[in-house]
Amino acid sequence: MGADFGRSRGTESKFSQWFRRRPKPQQSDVDDTAREALLLAVAEAGMPIAPAAHPVGYRCSCERIGCPTPARHPISFAWQTQSTTDRAQIERWARSQTQANFITATGMIHDVLDVPLTAGKQALERLLAADIDVGPVAVSGDDRMLFFTATRGTPEDEDEWWPCELDCHPETMDEHPGLRWHCRGSYVLLPPAMLPGELDVHWIRGPENPLPDPLTLLETLTDACAQYADSADQSDLDHDSVAWPLSR
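Structural notes, computed from the coordinates.

About the criteria used
Residues numbered from 1 in each chain as written. Predicted model: local features only at pLDDT ≥ 70, side-chain atom pairs only at ≥ 80, totals over all residues. Heavy atoms only, no water. Pairing = 2+ DSSP bridges. Helix = DSSP H or I, 4+ residues; strand = E, 2+ residues; numbered from the N terminus. Axes fitted to C-alpha atoms, helices over the stretch in contact; angles between N-to-C directions. Salt bridge = Lys/Arg side-chain N within 4 Å of Asp/Glu carboxyl O. Buried < 20%, exposed > 50% of the residue type's maximum accessible area, 1.4 Å probe, protein only. Contact = heavy atoms within 4.5 Å. Phe/Tyr/Trp six-rings, centres within 6.5 Å; stacked < 30°, edge-to-face > 60°. Lys NZ or Arg CZ within 6 Å of the ring centre and 35° of its normal. Polar contact = N/O pair within 3.5 Å; in protein donor to acceptor, adjacent residues only side chain to side chain. Arc of directions from axis to C-beta. Disulfide = S-S within 2.5 Å.

**Side note on the sheet that holds strand β1 (residues 49-52)**
Phase 1 of the analysis: Across the sheet, 3 strands lie side by side as β1-β4-β9; this open sheet has antiparallel pairing. Each of the sheet's edge strands pairs with one partner strand only, and the pair in question is β1 and β9 (187-189). Going across the sheet, the axis of each strand differs from the next one's by a mean of 35°, ignoring polarity.
Phase 2 of the analysis: Alignment of β1 against strand β4 (residues 101-105), held across 4 bridges, turns out to be antiparallel. Across the sheet, A50 pairs through a bridge with I103, a residue of β4.

Written out as structure tokens, the structure reads:
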């Protein structure tokens with residue numbers, strides 16, 4: 001179901017036009033049959049999945065007061081062992097939990113490079129224009145883009161592991177601003193998923209695209225994130241200069 005934008009000199013302009021014109025998906029756009037087919041396609045690509053919470057208005061179906069990640073977290077605390085690619089199990093979940101979102105557990109078959117949406121759009125244009133293989137890509141809400149890649153495996157040196165909280169660590173903030181690398185012990189919300197505020201998670205390149213080596217995307221993604229961070233910082237400075245003019 002994901003769109004393959006092709007690889008040509010006109011990739012950048014076509015991509016930009018497609019992104020601007022694409023209508024916002026609504027709940028009714030994905031019926032039960034299509035939803036199940038999308039989930040099975042993820043499983044067929046080898047990515048294990050498990051049920052997740054869903055929105056109830058602006059609240060989360062988990063009914064936790066002040067849920068910090070409404071409609072974005074697994075239903076079960078045992079999601080890592082529960083996650084599966086078994087077709088029969090996924091069909092049972094999809095048919096018995098018709099409103100549920102689903103997560104995919106990372107670090108077994110695949111990782112996910114999670115970046116700000118603005119940076120992700122810019123990076124994707126560059127990658128496609130450079131004829132670099134890009135795997136599945138999803139847009140999550142109105143602020144993040146998810147690049148699905150092959151997992152890094154189990155490195156001999158545990159210090160090589162990058163946590164999904166990568167952008168929260170002061171020692172890595174300058175080098176990788178805004179980038180989260182979901183690997184072992186992490187998960188991401190899968191398309192099709194609904195979020196509070198009529199937001200959603202949807203594919204722009206589907207799971208039928210082969211998973212690339214994450215290192216082939218990393219430089220372009222980190223460059224785009226750095227430019228995004230710089231532009232955001234400059235915007236803040238411009239805002240401050242207008243809001244708080246210097247006294248004469």
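**Re the pattern of salt bridges**
Phase 1 of the analysis: On inspection of all chains with the given rule, the structure shows 5 salt bridges.
Phase 2 of the analysis: Across the pair R87 and E91 runs a salt bridge whose closest N-O atoms are separated by 3.1 Å. Of this pair, R87 and E91 both sit in helix α4 (residues 87-96), 4 residues apart, roughly one helical turn.
Phase 3 of the analysis: The class for E91 is buried, based on a relative accessible area of 18%.
Phase 4 of the analysis: Two residues, R180 and D114, come together in a salt bridge whose shortest N-O distance is 3.9 Å. Note that R180 is positioned in strand β8 (residues 180-182) and D114 in strand β5 (residues 110-116), a separation of 66 residues in sequence.
Phase 5 of the analysis: Given the relative accessible area of 30%, R180 is considered partly exposed.

**With respect to the environment of A71**
Phase 1 of the analysis: Counting through the fold element by element, A71 comes out in the loop between β3 (59-60) and α3 (79-82).
Phase 2 of the analysis: The buried category is assigned to A71, whose relative accessible area is 0%.
Phase 3 of the analysis: As a C-alpha pair, A71 and C60 span 11 residues in sequence and 5.3 Å in three-dimensional space.
Phase 4 of the analysis: In this structure, A71 is in contact with A53, H54, P55, C60, N101, L189, M194, L195 and P196, ignoring residues within four places of it in sequence.

**Notes on the pairing of β4**
Phase 1 of the analysis: Among the 5 residues in β4, 5 count as buried, and that is most of the element.
Phase 2 of the analysis: Burial along β4 is two-sided: the residues N101, I103 and A105 and F102 and T104 are all buried.
Phase 3 of the analysis: Taken together, the 3 bridges between β4 and β9 define a ladder with antiparallel strand orientation. Looking at the pairing, T104 lines up with V188 of β9.

**Here we look at unusual backbone geometry**
Phase 1 of the analysis: Here P191 and P192 are connected by a cis peptide whose omega angle stands at -10°.
Phase 2 of the analysis: For A71, which is not glycine, the phi torsion reads 70° and is therefore positive.

**Regarding the packing of aromatic side chains**
Phase 1 of the analysis: According to the stated counting rule, one finds 3 aromatic pairs in the structure shown.
Phase 2 of the analysis: Aromatic side chains W79 and Y187 sit 4.9 Å apart centroid to centroid with 75° between the ring planes, which places their arrangement in the edge-to-face category. With W79 in helix α3 and Y187 in strand β9, the pair connects residues that are 108 residues apart, well separated along the chain.
Phase 3 of the analysis: With a centroid separation of 6.4 Å and an interplanar angle of 45°, the aromatic rings of W93 and F102 are classed as tilted.
Phase 4 of the analysis: A relative accessible area of 2% means that F102 is categorised as buried.
Phase 5 of the analysis: When the ring centre of W181 is taken as reference, the NZ or CZ atom of R152 above it lies at 5.2 Å.

**Considerations on the side chain of H202**
Phase 1 of the analysis: Mapped onto the elements, H202 comes out in strand β11 (residues 199-205).
Phase 2 of the analysis: In this structure H202 comes out as buried when scored by relative accessible area, which is 13%.
Phase 3 of the analysis: Side chain to side chain, H202 and D200 meet in a polar contact 3.1 Å long.

**Observations concerning α4**
Note that an α-helix has 3.6 residues per turn; residues three or four places apart therefore point the same way.
Phase 1 of the analysis: Buried within α4 we find I90, E91, W93 and A94. All buried residues of α4 project into a common sector of 165° when viewed along the axis, lining one side. With respect to the buried face of α4, the exposed residues turned more than 90 degrees away are R95 and S96.
Phase 2 of the analysis: Looking at the buried side of α4, the elements it contacts are α2 (32-44), β1, α3 and β4.

**With respect to the state of the cysteines**
Phase 1 of the analysis: Overall, the coordinates contain 0 disulfides when judged by the stated rule.
Phase 2 of the analysis: Here C62 stays free of any disulfide, with the sulfur of C60 as its closest cysteine sulfur at 3.5 Å.
Phase 3 of the analysis: Unpaired in this structure, C67 has its nearest cysteine sulfur neighbour in C62, at a distance of 3.9 Å.
Phase 4 of the analysis: By relative accessible area, C67 is classed as buried at 14%.

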